[in-house]
Amino acid sequence: MSIVSNLENIKKSLPEHVTLVAVSKTKPITDLVEAYKAGQRVFGENKIQEMTQKWEVLPKDIEWHMIGHVQRNKVKYMAPYVSLVHGVDSFRLLKEIDKQAQKNLRTINCLLQMHIAEEDTKFGLDSNELSDILGSEEFLQLEHVKVVGLMGMATFTEDEEQLRREFKQLKSYFDSVQNKLPDAKILSMGMSGDYKIAIEEGSTMVRIGSSIFGARNYN
Ligand SMILES: *Cc1c(COP(=O)(O)O)cnc(C)c1O
């Protein structure tokens, strides 16, 4: 299947309120151009350096989403252009994004990443860390970041019950922050293997890579 037909098929299956992030990490520019020509404008990458190289050469109406784990010392490279940072998993990182956004005279939209998977390897906040951030005085003073929702990654499993349980957990965190975060409209959950379940459980943004661009080759 081609990138264009994969994209069309996925877009047809998404409800109107769900945004598609085309996850293009490791893929060559030519693949992104194909998706762009088919109308895709939102791309997700998980390495700041790779995303920046792609941003430099591709059309400027693309929205770049950083979906991976972010190292604080690299925030400055994406601060001029990034549209949404999905993986904010510490207050220190949020403060660094605020600082770099301010230097660029921008406000950067962020999602707080919650830990929902059974695997300990996946990053994210627990519910106490989430309430500590949202309840802190310092948080209210950050003027150059806007927390527009939550993100999470479920366990890599085919166990549908488990996936549902983890997505429901994330949705309940999302519901619980609405009074503190009136701008929190985005719930980023679901990837190639589990996005249909994620949408049934309340996702408003899916991050899909291999079902669009094919399997990735890490060498
Ligand atoms: C790679 C990645 C995706 C996309 O994964 P696919 O299974 O290829 O759709 C989604 N979210 C994150 C955080 C990723 O790192």
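Scroll up to find the structure.
This text gives an overview of the structure that appears in the document. Here the structure is a predicted model, which is why all the values come from computation and not from measurement. (Residues numbered from 1 in each chain as written. Predicted model: local features only at pLDDT ≥ 70, side-chain atom pairs only at ≥ 80, totals over all residues. Heavy atoms only, no water.)

**Describing the side chain of His 65**
Here is step 1: Within the secondary structure, His 65 sits in strand β3 (residues 63-66).
Here is step 2: Excluding residues within four positions of it along the chain, His 65 makes contact with Val 21, Val 42, Phe 43, Gly 44, Glu 45, Met 51, Ser 83, Leu 84, His 86 and Met 205. (Helix = DSSP H or I, 4+ residues; strand = E, 2+ residues; numbered from the N terminus. Contact = heavy atoms within 4.5 Å.)

**Examining helix α5 (residues 91-103)**
Here is step 1: Along its 13 residues, α5 runs 19 Å from first to last C-alpha, staying within 8% of the 18 Å computed at 1.5 Å per residue.
Here is step 2: Among all positions in α5, only Phe 91, Leu 93, Leu 94, Glu 96, Ile 97, Asp 98, Gln 100 and Ala 101 are buried.
Here is step 3: If you follow the buried residues of α5, they end up packed against α4 (75-78), β4 (84-88), β5 (108-114), α6 (127-135), α7 (137-140) and β6 (145-152).
Here is step 4: Leu 105 occupies a position one or two residues after α5 and carries a positive phi of about 55°. (Expected span 1.5 Å × (residues − 1). Buried < 20%, exposed > 50% of the residue type's maximum accessible area, 1.4 Å probe, protein only.)

**Examining the pattern of salt bridges**
Here is step 1: A complete count under the given rule lists ten salt bridges for this structure.
Here is step 2: With a shortest N-O distance of 3.2 Å, Lys 95 and Glu 138 are connected by a salt bridge. Residue Lys 95 is located in helix α5, and its partner Glu 138 is located in helix α7; the two are separated by 43 residues in the primary sequence.
Here is step 3: The exposure class of Lys 95 is partly exposed, given its relative accessible area of 29%. (Salt bridge = Lys/Arg side-chain N within 4 Å of Asp/Glu carboxyl O.)

**Some details on unusual backbone geometry**
Here is step 1: Phi is positive for Thr 26, which is not a glycine, with a value near 70°.
Here is step 2: Here Thr 26 shows up in the loop between β1 (19-23) and α2 (29-37).
Here is step 3: When its relative accessible area of 31% is taken as the criterion, Thr 26 is described as partly exposed.
Here is step 4: Residue Leu 105 is not a glycine yet carries a positive backbone phi of 55°.
Here is step 5: Its place among the elements puts Leu 105 in the loop between α5 and β5.
Here is step 6: You can call Leu 105 exposed: its relative accessible area is 78%.

**What about the nonpolar core?**
Here is step 1: Val 85 and Leu 150 are the most contacted members of the largest nonpolar core, which totals 63 residues.
Here is step 2: Each residue touching Val 85, except ones within four places of it in the same chain, is listed here: Met 66, Val 70, Met 78, Ile 97, Ile 108, Asn 109, Cys 110 and Leu 111.
Here is step 3: One finds Val 42, Leu 84, Ile 186 and Met 205 within the second-largest nonpolar core, a separate group that totals eight residues. (Core = buried A, V, L, I, M, F, W, Y, C linked by side-chain atoms within 4.5 Å.)

**Quick word on the pairing of strand β8 (residues 205-208)**
Here is step 1: Of the two faces of β8, the one holding Met 205 and Arg 207 and the one holding Val 206 and Ile 208 are both buried throughout.
Here is step 2: One ladder, built from four bridges, connects β1 with β8; its direction is parallel. Paired with Leu 20 across the two strands is Val 206, which belongs to β8. (Pairing = 2+ DSSP bridges.)

**Quick look at the pairing of β6**
Here is step 1: Burial analysis of β6 places seven of its eight residues in the buried class, which makes it a mostly covered element.
Here is step 2: Sheet topology places β5 next to β6; seven bridges connect them, and they run parallel. Following the sheet pairing, Leu 111 is matched in β6 by Gly 149.
Here is step 3: Two strands pair when backbone bridges link them, and β6 and strand β7 (residues 186-188) are joined in this way by three bridges, in the parallel orientation. In the strand pairing of β7, Leu 150 is matched with Leu 187.
Here is step 4: Handedness of the β-α-β unit built from β6, helix α8 (residues 160-176) and β7 comes out right-handed. (Right-handed = clockwise from strand over helix to strand, strands pointing away.)

**Remarks on the packing of aromatic side chains**
Here is step 1: The final tally for this structure, using the stated rule, is two aromatic pairs.
Here is step 2: Ring centres of Phe 43 and Trp 64 lie 5.9 Å apart, and the angle between their planes is 35°; this geometry places the pair in the tilted category. A residue pair is termed long-range when its members are at least 10 positions apart, and Phe 43 in strand β2 (residues 42-45) and Trp 64 in strand β3 qualify at 21 residues.
Here is step 3: Classification of Phe 43 by relative accessible area gives buried; the value is 0%.
Here is step 4: On the basis of an interplanar angle of 5° and a centroid distance of 4.2 Å, the ring pair of Trp 55 and Tyr 81 is categorised as stacked. Residue Trp 55 is found in helix α3 (residues 48-57), and its partner Tyr 81 is found in the loop between α4 and β4; the two are separated by 26 residues along the sequence.
Here is step 5: Accessibility expressed as a relative area gives 24% for Trp 55, which makes it partly exposed.
Here is step 6: For Tyr 81, a relative accessible area of 8% corresponds to the buried category.
Here is step 7: Across from the ring centre of Tyr 36, 3.6 Å away, lies the NZ or CZ of Arg 41, which sits over that ring.
Here is step 8: Over the aromatic face of Trp 55 sits the side chain of Lys 60, whose NZ or CZ is 5.1 Å from the ring centroid. (Phe/Tyr/Trp six-rings, centres within 6.5 Å; stacked < 30°, edge-to-face > 60°. Lys NZ or Arg CZ within 6 Å of the ring centre and 35° of its normal.)

In short, geometric facts, not functional conclusions.
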